[in-house]
Each structure stands twice: as C-alpha cells, then as structure tokens.
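Chains, contacts and geometry: an overview
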Amino acid sequence: MAEEKDKTKGFMKSESGRRLTQILTKDYLDLHQRAGEGAFVVWVAIIVPAELFYGFDNVVFAVPESHAALSAAKGVGMLQCEKAEHNGYSMDICSYARIDIGTAMSGGQDSPTFGLPRPHLLVSNNNNCSLLVKWFDVYHREWNVPHFILDIPFCYEMQKETDLKYIVTQFHDLIRTIETLSGQKFNIDKVQEALRNSSGAAKQYKRFIDCAVHRPSGITAFDSFVQMAPLLTSRGRPEIVDHFRKLAEETEEKIRSGEFPLPEERYRLFWDSIAPWHQLRKMSSRLADLHANIIAASYTSCLGSIEGSYEFIQEYENGNPLESLARMQNFSVCPYGMELRFKAMSWAARHYGIDGFVFASNRSCKVYSVMQMDLQKRISEELKIPSVMIDVDHADVRKYSEENAFLRMEALLENIDAGRARPII
Ligand code: SF4
C-alpha cells in the first residue's frame with residue numbers, strides 16, 4: 001500500500017484519469033474495427049490537420065507518434081526500438097521512429113494497442129523535422145503506400161500570408177488525392193464541425209494546464225503530458241470537448257478545496273522538451289521528495305497556440321476552415337526560430353511564476369534541442385532565471401541516466417535557493 005501511494009506521488013489522481021483510459025481504449029478499438037470493416041486508413045504526423053478527414057464518410061486516421069509515446073509510457077519502447085535496430089536502423093534515429101518501425105515490422109507484437117492498422121495513405125509534414133518524412137518513406141518503400149508530404153515553411157518570424165496560401169493549396173491537393181484514392185466525396189461542412197470540436201477541446205485543455213498558475217500548482221506537467229493523448233487520437237470528436245471541460249472543472253474544484261499534487265511546493269520548474277515518457281512516475285515522485293514541481297512544459301503549452309506564443313489562439317467558430325488549419329501549422333515548438341522561442345519562454349516564465357528551467361537535451365529530437373544552449377544563455381542573462389541542462393531521450397530509456405539527471409536538477413534547486421538568499425542591493 002505504501003508503495004502504491006509512493007508511485008502516484010506528484011500526480012493528481014482523478015476521475016478524469018480513469019475517463020482518459022476509457023477514451024484511449026475506445027479510440028484504438030474503433031480504429032482497428034473500422035479499418036477491418038473497410039475504412040480508408042491514413043497515417044498522419046501530429047501536425048497534419050486530421051480534421052480534414054472528417055470531410056469524408058469513411059476515412060480513419062492513426063497517429064504513429066502518439067502510439068510510440070504510449071508504447072514508451074507502457075514500458076515497451078526499448079523493446080520496439082531494438083527490433084528496428086536489428087533490422088538495420090541506427091540507434092541515432094528518433095526513438096519514436098524506431099518504436100514505430102519496430103512495431104510495424106513485428107506486425108503489432110508487444111504493442112499496447114496491437115499496433116496500428118495498415119495505411120492506404122501516409123501524410124507527413126516537413127516543418128517539425130525532416131526525419132519524419134524519411135520515417136514515413138520507409139512504409140512507402142516497404143509497403144508501396146502513397147506518401148503525401150505537406151511542405152510547410154519554417155517560421156523564423158510570424159507566418160506570412162503567402163505561406164498560408166501556399167499551405168491551403170496543398171490542403172486542396174490532399175483532399176483531391178484522398179477523393180481519388182478512396183472514391184469518397186469531400187464535404188467541408190463536416191470539417192468545420194470537427195474544427196469546432198478540436199478548438200473547444202484545446203480551449204478546455206488550456207484551462208486545465210492554466211491550473212499551474214495557482215500557488216501551489218494545481219497540476220504537474222506530468223499530468224498534462226498524460227492528458228494530451230486524446231487531443232491527437234480523438235481529434236475532431238465532440239466527446240473530447242466534454243472530457244477536457246470535466247478535467248478542467250475537476251482540477252479547479254480540487255484547487256478550491258485545497259487539494260494539490262505537491263502541497264509543500266518550494267520550486268516551480270518549467271520543462272523544455274518532449275515528455276520523458278519512460279520516467280513519468282519516477283521523475284515526478286523523486287522531484288516531489290525534493291519539494292520541486294515541474295508545473296509546465298513547452299511541449300504541452302504550445303498546443304492550441306500559434307508560433308511564438310503559448311497563449312490560446314482564438315476559438316474557432318466560423319470562417320474558412322482550411323485557412324484556420326493552415327494558420328496553426330507552426331504551433332509546435334520545433335519550427336520556431338530563436339526569437340519566437342525566447343518570446344514564448346519569457347511569457348511562460350512570467351505567467352507561471354517559474355523559479356528555474358530544465359532544458360532536456362533530447363538525444364532523439366535534435367530539432368527540439370539544437371538551440372537550447374543559446375536559449376539557456378538568454379534566459380540566464382535577460383530573465384535572470386537559473387536553469388540546467390540534462391540529457392534525456394523521450395522514448396528510449398537506454399539514453400537516460402536518472403542519477404546524472406537528478407545530480408544536475410538538485411544543483412539547480414541549490415542555485416535557486418542561493419538566489420533567494422542573496423540580499424537585494
Ligand atoms: S525527431 Fe523530434 S520532431 Fe522529429 S519525429 Fe522525432 S520527436 Fe518528432
């Protein structure tokens with residue numbers, strides 16, 4: 001019993017956690033069932049606007065990155081990575097890709113969801129990373145499945161009107177491609193409805209992660225990592241608006257009644273990287289022992305926003321759905337340039353009242369990690385907030401050392417204490 005209690009330290013136990021399991025189970029069961037009944041299956045990268053597929057009567061989508069994250073969280077990440085490595089894929093390739101390739105090559109064996117149904121079409125984008133395009137190309141070669149690549153311009157500054165129009169043109173091409181391959185007709189009204197649902201869900205998710213503003217924080221970033229899955233797998237569905245509204249209400253109610261994941265919170269930290277999926281419970285629990293809470297993360301804060309901002313983009317009601325989807329194509333942190341990334345981080349520091357930043361240099365995700373040293377320097381010089389750099393891999397546990405990471409994070413806490421003790425001159 002004591003051990004059970006220990007395992008959940010630093011996490012909020014909630015009704016929404018149980019509902020989350022039901023939602024994810026249903027998502028994967030429905031996906032397999034509809035694919036088995038003849039639906040047209042599309043595999044998408046997370047940036048790809050899955051809302052478009054609701055415009056067709058019988059198109060379903062699977063998100064390999066989300067499945068890889070779930071596999072890592074369930075403890076089979078390394079096993080699937082090794083399968084890919086035994087087939088010649090380098091250990092330096094992103095662990096999401098290796099997990100997915102390992103799962104696919106073994107026919108879904110060892111996967112918590114029995115893998116993903118085989119696709120009729122692959123849709124990737126190139127603004128997060130070019131590796132993703134090469135990863136999806138593996139299936140294009142091995143299975144002879146068509147691969148549609150969305151060419152999304154990077155955003156070293158705010159998205160330009162010409163870029164938005166260029167992206168919309170590609171959405172039209174994608175729609176025509178699916179019509180041709182699936183024989184189904186497209187209906188834009190259904191996309192509008194799906195977009196309203198996604199936007200409503202993102203708004204409620206933002207409300208939930210904003211519970212971190214309270215002192216002590218109403219959540220840990222680990223809660224927000226776990227809860228983000230349906231934003232990808234149930235995207236566009238009406239049920240998720242309800243799920244995230246209940247999640248926000250439940251968390252706000254806990255704050256009102258004085259229930260917090262870490263009541264004796266002394267250090268409010270911000271995480272810059274993808275979630276360390278294999279360490280969620282271990283890391284949150286060990287940090288809780290140190291009275292430290294990673295209350296927010298760039299990985300989750302960017303959801304529902306646009307480039308250079310962690311604030312919620314206006315809720316979608318009407319208007320041109322293809323343009324709205326195109327406007328959000330740079331929401332994830334990876335395509336931002338340095339200025340936009342620093343702007344978003346500075347906002348987070350003020351908004352959440354951050355005492356220290358944890359930059360997780362990710363062995364898999366080079367694009368996330370590449371500018372962290374410069375970012376760390378600017379945060380130290382301009383915001384005067386201490387930070388630390390630790391080595392992780394988001395899904396391959398072999399590239400993470402708990403002792404090394406905690407040695408550095410403990411040094412960060414000492415640094416924060418030293419700053420508090422220093423007299424203000
Ligand atoms: S390298 Fe990073 S952005 Fe690219 S697929 Fe892996 S996790 Fe995603």
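With parallel pairing, the four strands of this open sheet are ordered in space as E2-E1-E3-E4. Sheet topology places strand E2 (59–62) and strand E4 (147–150) at the edges, where each strand pairs with a single neighbour. For this sheet the average axis-to-axis angle between neighbouring strands, irrespective of direction, equals 25°. Two strands pair when backbone bridges link them, and strand E1 (residues 40–44) and E2 are joined in this way by four bridges, in the parallel orientation. Its bridge partner lying in E2, Val42 is registered against Phe61.

Time to look at the site of the ligand. Looking at the ligand, the residues that line it are Cys94, Tyr96, Asn128, Cys129, Leu131, Leu132, Ile274, Cys334, Ser364, Cys365, Val367 and Tyr368. Mapped by element, the contributors of at least two residues to the shell around the ligand are helix H6 (130–143) and helix H16 (366–369). Residue composition of the shell around the ligand, by class: ten nonpolar, two polar and no charged. Residues from two domains meet in the shell around the ligand; each of domain 1 (4–186) and domain 2 (191–421) gives at least three.

Moving on: the domain arrangement of the protein chain. Domain assignment breaks the protein chain into domain 1 (4–186) and domain 2 (191–421). Taking the mean C-alpha position of each, domain 1 and domain 2 sit 21 Å from one another. Between domain 1 and domain 2, the residue contacts involve 49 residues of the former and 57 residues of the latter. A class-by-class count of the residues in the side of domain 1 that touches domain 2 yields 32 nonpolar, ten polar and seven charged.

Cut-offs applied
- Residues numbered from 1 in each chain as written.
- Predicted model: local features only at pLDDT ≥ 70, side-chain atom pairs only at ≥ 80, totals over all residues.
- Pairing = 2+ DSSP bridges.
- Helix = DSSP H or I, 4+ residues; strand = E, 2+ residues; numbered from the N terminus.
- Axes fitted to C-alpha atoms, helices over the stretch in contact; angles between N-to-C directions.
- Near = placed C-beta within 6 Å.
- Nonpolar A, V, L, I, M, F, W, Y, C, P; charged D, E, K, R; others polar.
- Domains from an automatic or database assignment.
- Contact = placed C-beta atoms within 7 Å.

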